[in-house]
Structure formats: structure tokens, C-alpha cells
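# Notes for the structure review
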Amino acid sequence: MPRPTPPPPDARAVIDARRHEASAKVVIELGLSDADVEEIVDLFTSLLRWRSTSDAQREASRRFMRLGENDMRAIRFLMTARHDGTIVTSTLLAEHLGLKGPSVTKLLDRLEQAGHIRREAHPSDRRALSIVVTDGTSTTATATVGADHLRRFRIAAAMTSDERLVVTRFLTAIADLPVLEPGT
């Protein structure tokens, strides 16, 4: 039975631009109507709901597969690499995950012991090993994480090209904002 999506915090109180001194000035400066602000609040409320739902789904998949966050990232990378025909070494995986040698070795030992990956002879470098996902883990990940991705993909596919471009432009613009360090 699917778990209900946890409700986000009272998003309207958190992000209603009229309730915060800095953004209230922008509302006036831009001449936004109450209807404009409500649409913006609805947009950001939807983003908060998406983040909450996405986090809950990722956590459910991790629990089901009994994997940590880096473990899941490694499995996803290995599955994508296999699909693309890329041979993955521990060095390539470490670079992708942003880990140092000893940490990736521990991760690989843990995944291998749990039956999620195999270390095999590298086809062209006899000094190296390639890392591959086991068929069982691939099947399980496809049935869980893959099924969730497919649900989201279908929603995007049902949108018009113009709708996808607008959403992409918005998400890209907010993702490209620099991180503001408090106190600087």
C-alpha cells in the first residue's frame, strides 16, 4: 500500500511574498496584483510538495533496497553506464560520487557483500577491475526507482512542448541562482 505524501510545512505562511519585508518591496516594485502573488505562492507550494514527495519516494526506495544514499547513487550510475556501454572502474565511480579511494573501496565492499555489484576483470586493462550491477539488483531497481521515474516521465510527456519549455526555463533559472552564504 503506498504511503501518503507527507504534507509540506505551511508553505503559504513560509513563502507568501507579502509577508516578508524584502519580498514585499518587490511585490510593490513590480506592481504585482494579489492574483499574481497567489499564483507565485501556488507555484512555490507545488515545488515544496514535489520536493517532499521526491524525498519520500527516494527514502522508500532506499529502505526497500536497504541502501544508503551514496549506495543508491552508485547503483544508478552503474546501471546507466551499463546501458550506455561504459566500463566503470572504482576510480570513475569515485569521481562520480565525489569520494576518495578508501571510501569508494568501503562502499564497493559493502555493495559486493550485499550482492548488489560484482567486480570483474576489465576487458582492456588487466591491472583494473570493472564494476557491474548484478542482474537481481538491476531488476529490483528498475521495478522501484525505474517505475517512479516512468510515472514522472509520463506526466512530462503529456505536456505540450511549450509547457515543458516554460517549466524548464523556470527550473533552470532558479537552479542557476548562486548559493548565498549567510553573513556575507
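See the structure shown above.
### Topic: helix 3 (residues 34–65)
Over its 32 residues, helix 3 extends 46 Å from the first C-alpha to the last, a length consistent with the 46 Å expected when each residue adds 1.5 Å. Turning to helix 3, its buried residues number three or more, namely Val 37, Val 41, Thr 45, Leu 48, Ser 52, Ser 54, Ser 61 and Met 65. Phi for Arg 66, located one or two positions after helix 3, is positive at around 55°.

### Details of the packing of aromatic side chains
Under the defined criterion, the tally for this structure stands at 1 aromatic pair. Centre to centre, the rings of Phe 44 and Phe 170 are 6.0 Å apart; their planes meet at 65°, and the pair counts as edge-to-face. Linking Phe 44 in helix 3 with Phe 170 in helix 8 (residues 161–175), this pair joins segments that are 126 residues apart in sequence. What makes Phe 44 partly exposed here is its relative accessible area of 31%.

### Observations concerning a nonpolar patch on the surface
A cluster of nonpolar residues, Ile 40, Leu 43, Phe 44, Val 167, Leu 171, Ile 174 and Leu 177, forms a patch on the protein surface that exposes about 530 Å² of accessible area. Counting only elements with at least two residues in the nonpolar patch, the list comes to helix 3 and helix 8.

So, how was this worked out
- Residues numbered from 1 in each chain as written.
- Predicted model: local features only at pLDDT ≥ 70, side-chain atom pairs only at ≥ 80, totals over all residues.
- Heavy atoms only, no water.
- Helix = DSSP H or I, 4+ residues; strand = E, 2+ residues; numbered from the N terminus.
- Expected span 1.5 Å × (residues − 1).
- Buried < 20%, exposed > 50% of the residue type's maximum accessible area, 1.4 Å probe, protein only.
- Phe/Tyr/Trp six-rings, centres within 6.5 Å; stacked < 30°, edge-to-face > 60°.
- Patch = residues over 30% accessible without salt bridge, like charges linked within 9 Å, V, L, I, M, F, W, Y side chains within 5 Å.
- Areas by Shrake-Rupley, 256 points an atom, 1.4 Å probe, with all protein chains shown as cover.
- Salt bridge = Lys/Arg side-chain N within 4 Å of Asp/Glu carboxyl O.

Nothing here speaks to function; it is all geometry.
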